[in-house]
Amino acid sequence: MKLFRVIPILILTYLMSCNSMQNTIKHKSASEILGNPNYLAMSYGGYRTNSRRVQPTVSQLKEDMKILSAMGVKIIRTYNVHLPEAVNVLKAIKELRQENPEFEMYVMLGAWIDCKNAWTGFEPNHNEESERNASEIAHAVELANEYPEIIKVIAVGNEAMVKWATAYYVQPSVILKWVNHLQNLKKKGELTKDLWITSSDNFASWGGGDKEYHTKELNELIKAVDYISMHTYPMHDTHYNPFFWGISEDEFQFSKEKQLDLAMNRSMNYAKSQYNSVKKYMQSLGVDKPIHIGETGWATFSNELYGSNDSKAVDEYKAGIFYHKMRDWTNEAGISCFYFEAFDEPWKDAANSGGSENHFGLFTVDGNAKYAVWNLVDEGAFKKLKRDGNTIQKTFNGNLKRLLDSVEMPPHREFEKQLLKTK
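Structure report, in brief. (Residues numbered from 1 in each chain as written. Predicted model: local features only at pLDDT ≥ 70, side-chain atom pairs only at ≥ 80, totals over all residues. Heavy atoms only, no water.)

Turning our eyes to something else, we now look at the overall build of the chain. Tallying secondary structure elements over the chain gives 12 helices and 12 strands in all. Here the C-alpha atoms of the chain give a radius of gyration of 23 Å, agreeing with the 22 Å that 2.2 N^0.38 yields for 423 residues. Viewed in the frame of its principal axes, the chain has a C-alpha envelope of about 90 × 55 × 45 Å. Residue burial in the chain is summarised as follows: out of 423 residues, 53% are buried. (Helix = DSSP H or I, 4+ residues; strand = E, 2+ residues; numbered from the N terminus. Rg over C-alpha atoms; globule rule 2.2 N^0.38 Å. Buried < 20%, exposed > 50% of the residue type's maximum accessible area, 1.4 Å probe, protein only.)

With 116 residues, the main nonpolar core has Leu68, Met71, Ile76, Trp298 and Phe363 as its most contacted residues. Sorting elements by how many residues they give to this core places helix H9 (residues 256-284) first, with 10 residues. Ignoring any residue separated from it by four or fewer positions in sequence, one finds Leu68 in contact with Met42, Tyr44, Val73, Ile76, Met105, Ala342 and Phe343. If you look at the next biggest cluster of nonpolar residues, it comprises 13 residues, including Leu34, Tyr106, Ala155 and Phe338. (Core = buried A, V, L, I, M, F, W, Y, C linked by side-chain atoms within 4.5 Å. Contact = heavy atoms within 4.5 Å.)

What follows covers helix H4 (residues 84-99). Taking 1.5 Å of rise per residue, 16 residues should cover 22 Å, and H4 covers 22 Å from first to last C-alpha, within 8% of that figure. Of all the residues in H4, the buried ones are Glu85, Ala86, Val87, Asn88, Val89, Leu90, Ala92, Ile93, Leu96 and Arg97. Where H4 is buried, its residues meet helix H3 (58-70), strand E2 (73-77), strand E3 (106-111), helix H5 (133-146) and strand E6 (151-158). (Expected span 1.5 Å × (residues − 1).)

This part takes up the pattern of salt bridges. Evaluated as defined, the whole model comprises 21 salt bridges. Its salt-bridge partner being Asp64, residue Arg387 comes within 2.8 Å of it at the nearest N-O pair. Note that Arg387 is positioned in strand E11 (residues 386-387) and Asp64 in helix H3, a separation of 323 residues in sequence. Per residue, the accessibility class of Arg387 equals that of Asp64, and both read buried. With its nearest N and O atoms 2.9 Å apart, the salt bridge here joins Arg266 to Glu251. One end of the pair, Arg266, is in helix H9; the other, Glu251, is in the loop between helix H8 (234-240) and H9, with 15 residues separating them in the sequence. Of the two residues, Arg266 and Glu251, both sit in the buried class. (Salt bridge = Lys/Arg side-chain N within 4 Å of Asp/Glu carboxyl O.)

With that settled, consider the packing of H9 against helix H10 (residues 316-333). At their nearest, the axes of H9 and H10 sit 9 Å apart, and the two run at 45° to each other. When the interaxial angle is binned, H9 and H10 end up oblique. The two elements H9 and H10 cross, and the hand of that crossing is right-handed. Contact residues: Glu257, Leu260, Asp261, Met264, Asn265, Ser267, Met268, Ala271, Lys272 and Tyr275 in H9; Tyr317, Lys318, Ile321, Phe322, Lys325, Met326 and Trp329 in H10. Here the contact of H9 with H10 is composed, by residue class, of 10 nonpolar, 2 polar and 5 charged. (Axes fitted to C-alpha atoms, helices over the stretch in contact; angles between N-to-C directions. Parallel < 35°, antiparallel > 145°, perpendicular 65-115°, else oblique. Left-handed = near helix turned anticlockwise from the far one by under 90°. Nonpolar A, V, L, I, M, F, W, Y, C, P; charged D, E, K, R; others polar.)

With that settled, consider the layout of surface pockets. A volume near 270 Å³ is recorded for the second largest pocket. Thr300, Phe301, Val314, Asp315 and Glu316 are the residues nearest the centre of the second largest pocket, which is lined by 18 residues in total. The residue inventory of the lining of the second largest pocket, partitioned by class, reads 6 nonpolar, 6 polar and 6 charged. (1 Å grid on protein atoms, 1.4 Å probe; cavity = no way out; pocket = protein on both sides within 12 Å on 5 of 7 lines; lining within 4 Å. Points joined across faces, edges and corners; volume = space filled by probe spheres on them.)

Here Thr198 shows up in strand E7 (residues 196-202). When its relative accessible area of 0% is taken as the criterion, Thr198 is described as buried.

The next thing to look at is the side chain of Ser277. Mapped onto the secondary structure, Ser277 falls in helix H9. Excluding its chain neighbours within four sequence positions, the residues that come into contact with Ser277 are Phe203, Gly207 and Gly208.

Take unusual backbone geometry next. Here the amide bond leading from Phe340 into Glu341 is cis, since omega sits at 5°, within 30 degrees of zero. Within the secondary structure layout, Glu341 lies in the loop between strand E10 (337-339) and helix H11 (374-378). The backbone phi angle of Asn117 is positive, close to 75°, even though this residue is not glycine. Of note, Asn117 is situated in the loop between strand E4 (115-116) and strand E5 (125-129). In the Ramachandran plot, Glu159 falls in the positive-phi region, its phi being about 45° despite a non-glycine side chain. Judged by its relative accessible area of 11%, Glu159 falls in the buried class.

Here the focus is the environment of Val373. Summarising the element assignment, Val373 is placed in the loop between E10 and H11. Once the C-alpha coordinates of Val373 and His324 are considered, the two residues, 49 residues apart in sequence, prove to be 9.3 Å apart. In this structure, Val373 is in contact with Met71, Leu362, Phe363 and Phe382, ignoring residues within four places of it in sequence.

With that out of the way, let us pick up the environment of His324. Inspection of the secondary structure puts His324 in helix H10. His324 gets classed as partly exposed once you look at its relative accessible area, which sits at 30%. As a C-alpha pair, His324 and Ala372 span 48 residues in sequence and 7.2 Å in three-dimensional space. When near neighbours in sequence (up to four residues on either side) are disregarded, His324 contacts Ala372 and Asn375.

So, on to the packing of aromatic side chains. One pass over the structure, following the stated rule, counts 20 aromatic pairs. With centroids separated by 5.8 Å and ring planes inclined at 50°, the aromatic side chains of Trp245 and Trp298 adopt a geometry described as tilted. Remark: Trp298 occurs in the loop between strand E9 (291-296) and H10 and Trp245 occurs in the loop between H8 and H9; sequence separation between them is 53 residues. Trp298 carries the same exposure label as Trp245, and that label is buried. Over the face of the ring belonging to Tyr39 we find Lys74, whose NZ or CZ atom lies 5.0 Å from the ring centre. The ring of Phe343 has Arg387 sitting right over it, with the charged end atom 3.9 Å from the ring centre. (Phe/Tyr/Trp six-rings, centres within 6.5 Å; stacked < 30°, edge-to-face > 60°. Lys NZ or Arg CZ within 6 Å of the ring centre and 35° of its normal.)

Spelled out as structure tokens, the structure:
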């Protein structure tokens, strides 16, 4: 008899404990997270092989979330919902929150948008959108309603308006259509009002570049989004627009480290100038809303445009300097910077293992910490954490001299004295 009296008490105690745990799980709005230096942002993909046919498991994703959390990252960006990875990321985060109510990780959920005939072998039609965009948006809405405590932003498209994305770009009117659709769902109560809506695109697509982008539809889009998510990639322009890139003659007197620091300073100022150009255009429309960096990054290897045969821009040392300079600037300025990216992803340029797109991670595929995060290894941030069974260790065995010996110096170039002076 005593046993039968105890069991209901145990059940009640368990239910009260579960309810208490749910109440202690933190719930933050996008406005509280974005621009908050205590909530570092990161672009994330968990693919370990050179094909997205091999999807990361929930267990693998949980490992990655723990590594990112140990870095202070509390909001990640995904890119599409038509593959299982995004759903599994949400499941992984939910399970981690259930295991530990203090665990915080939020998501900027990407909904992929492209034009008619994109990726089909037929000629892309940039004036019409893909038929499957509607299902991508619908699935993003379903997920946002299923995981409101995790998903804080929906991004409509990724570099979907910039015209060098010749395989799939659309006109701003397409992005505007879907942003307005999501904003209307918020007004009707079919999405939470705290959910922020944006599109994530190149700085030029947001009016910060050529005037060909300054269209009525873009202006309406700027007014429709909750904030602007812009991309800036000085690394790419070490090849395409290298006026800021190099070492000047009067810098030869300095140490190698000092010369590289000055070169990376100019790179950061170049990113600042693109940010300020978007801000200036936005303000010219009478709009005042947040601008955050949806992507920036610096590859650590390239056998093509940015490596030994060209701009000599990429290696772990330069990438590490850029990472810390960007974090310092954006944290101080109250700007979220979704740094690209957390882990190397070999599928990005599957046909060329040495392609720069495969080497943007702060960690290798095996979980080795690149120079940018050596300091966190020293601090013990990743103690007891693993990626696919591998402990987190420093690349180059942590030997800074060996790393520096492998670094190639940028080309010699003279600069104007006021080069890239930012506000």
